[in-house]
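# Chain and residue survey
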Amino acid sequence: VSMEAAMFQAVRDGEFLLHYQPIVDARTRQIMGFEALMRWNRPGQGMVSPAQFIPMAESNGLINLLGAWAMKAACVQIKRFEEIAGRPLYVSVNVSPRQFRNDQFIDVVDEALALSGLDGEKLLLEITEGILMADPEHAESLLTAMTARRLKIAIDDFGTGYSSLAYLKRFPIATLKIDRAFIKDLPSSVKDVAICNVMLSLASHLNLNTVAEGVEKEEQMDFLAAHGCSMIQGFLTGRPLMPSDAAALLKAQA
Ligand code: G
Ligand code: G
Ligand code: MN
Ligand code: NA
């Protein structure tokens, strides 16, 4: 069978699952939330990376079905994590271009919030600069609907798109996720130090939260904490985990 046919069947058979990567406070290292990351547990082939199947789901349209499932599953799971931790946590969910364009997307979010009982302000939707600028009028109306529900918007892979900074003025953005391309060579790269400092300063002046992605080393963590980055996500502070492992980590921190 083709990959496409296999995917349709896999959704039906429940072969997709979510892993959760901790997002921690840069200073205290306390877990503040998790990014939900999709995995395909394909029988006989092990875990298939989203880098392989998301582009395909995006082109064949299955991303809408898959994304709706992920939104609900992530909201339900984070409520369980909150009960385990005994304190508020947030969940970050990736939204693809095709999901963002889909007229039913806001209904999917409403259903996920209703089903889970999660407060809208605990849900952070990750979109890229390109998604916003592809159709700014549509983005404006959708983001208005989102902020009415107190949902939060994060710019994923910040700094890697081709857009100007104009969208930061136009749209209600809560968080910048600094792409790991700028983190990788910290703190030895003079250029990356300069770029990160400017991004962190920009975020601070605009009152935006920052998440540094792909943090793997203590030196990177130290640099980021010292320069005002609010949160850290990376293998140093936690890999993407299956729910039971994420729950164990929360219990250990409590
Ligand atoms: O976890 P991993 O590094 O393999 O993820 C690779 C990419 O797949 C990420 O950059 C992320 O944007 C994308 N991705 C992971 N999970 C989801 C999801 O649930 N929905 C969408 N649209 N993209 C996802
Ligand atoms: O595009 P997005 O930011 O959603 O991508 C998240 C991806 O980054 C996930 O697939 C996750 O597995 C990966 N990732 C998370 N932390 C690290 C890290 O410290 N190093 C590397 N190389 N990848 C990471
Ligand atoms: Mn992301
Ligand atoms: Na990213």
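Looking at an unreviewed UniProt entry, one finds the chain named Diguanylate cyclase (GGDEF)-like protein and attributed to Noviherbaspirillum aridicola.

## Quick look at the overall build of the chain
The helix and strand inventory of the chain stands at eleven helices and nine strands. The C-alpha radius of gyration of the chain comes to 18 Å, within 12% of the 18 Å expected for a compact globule of 254 residues. Dimensions of the chain, computed from C-alpha atoms along their principal axes, come out at roughly 50 × 45 × 35 Å. Relative to its 254 residues, the chain shows a buried fraction of 39%.

## Things to note about the site of ligand 1
Every residue near ligand 1 is listed here: L37, M38, S49, P50, A51, I54, G67, A70, N94, S96 and P240. With three residues, helix 2 (residues 50–60) is the largest single contributor of residues to the shell around ligand 1. In terms of residue class, the shell around ligand 1 is built from seven nonpolar, four polar and no charged.

## A few points about the pairing of strand 5 (residues 123–128)
Summarising burial for strand 5: six of the six residues are buried, a large majority. Where burial is concerned, the two faces of strand 5 agree: the one with L123, L125 and I127 and the one with L124, E126 and T128 are both buried. Pairing of strand 5 with strand 6 (residues 152–158), which is carried by five bridges, proceeds in the parallel orientation. When the bridges of strand 6 are listed, E126 appears paired with A154.

## Structural notes on the environment of A252
Considering the arrangement of structural elements, one finds A252 in helix 11 (residues 243–253). Residue classification places A252 among the exposed residues on the basis of 7 C-beta atoms within 10 Å. With 95 residues separating them in the primary sequence, A252 and D157 have C-alpha atoms 30 Å apart.

## Things to note about the packing of helix 3 (residues 63–85) against helix 5 (residues 105–116)
Between helix 3 and helix 5, the least distance of the axes is 9 Å, while the angle of their chain directions is 30°. The pairing of helix 3 with helix 5 is recorded here as roughly parallel in orientation. The element helix 3 and its partner helix 5 pack so that their crossing is right-handed. Facing helix 3, whose interface residues are A68, M71, K72, C75, V76 and K79, helix 5 presents V108, V109, E111, A112, L113, L115 and S116.

## Some thoughts on helix 5
Given a rise of 1.5 Å per residue, twelve residues ought to cover 16 Å, and the 17 Å separating the end C-alpha atoms of helix 5 matches this to within 8%. Of all the residues in helix 5, the buried ones are F105, V108, V109, A112, L113 and S116. Viewed end-on, helix 5 has its buried residues packed into an arc of 130°, placing them on one side of the element. Away from the buried face of helix 5 by more than 90 degrees, exposed residues D107 and A114 are located. Looking at the packing, one finds that the buried side of helix 5 touches helix 3 and helix 4 (97–101).

Parameters and conventions
- Residues numbered from 1 in each chain as written.
- Chains lettered and ligands numbered in written order.
- Predicted model: local features only at pLDDT ≥ 70, side-chain atom pairs only at ≥ 80, totals over all residues.
- Helix = DSSP H or I, 4+ residues; strand = E, 2+ residues; numbered from the N terminus.
- Rg over C-alpha atoms; globule rule 2.2 N^0.38 Å.
- Buried ≥ 20, exposed ≤ 12 C-beta atoms within 10 Å, placed from the backbone.
- Near = placed C-beta within 6 Å.
- Nonpolar A, V, L, I, M, F, W, Y, C, P; charged D, E, K, R; others polar.
- Pairing = 2+ DSSP bridges.
- Axes fitted to C-alpha atoms, helices over the stretch in contact; angles between N-to-C directions.
- Parallel < 35°, antiparallel > 145°, perpendicular 65-115°, else oblique.
- Left-handed = near helix turned anticlockwise from the far one by under 90°.
- Contact = placed C-beta atoms within 7 Å.
- Expected span 1.5 Å × (residues − 1).
- Arc of directions from axis to C-beta.

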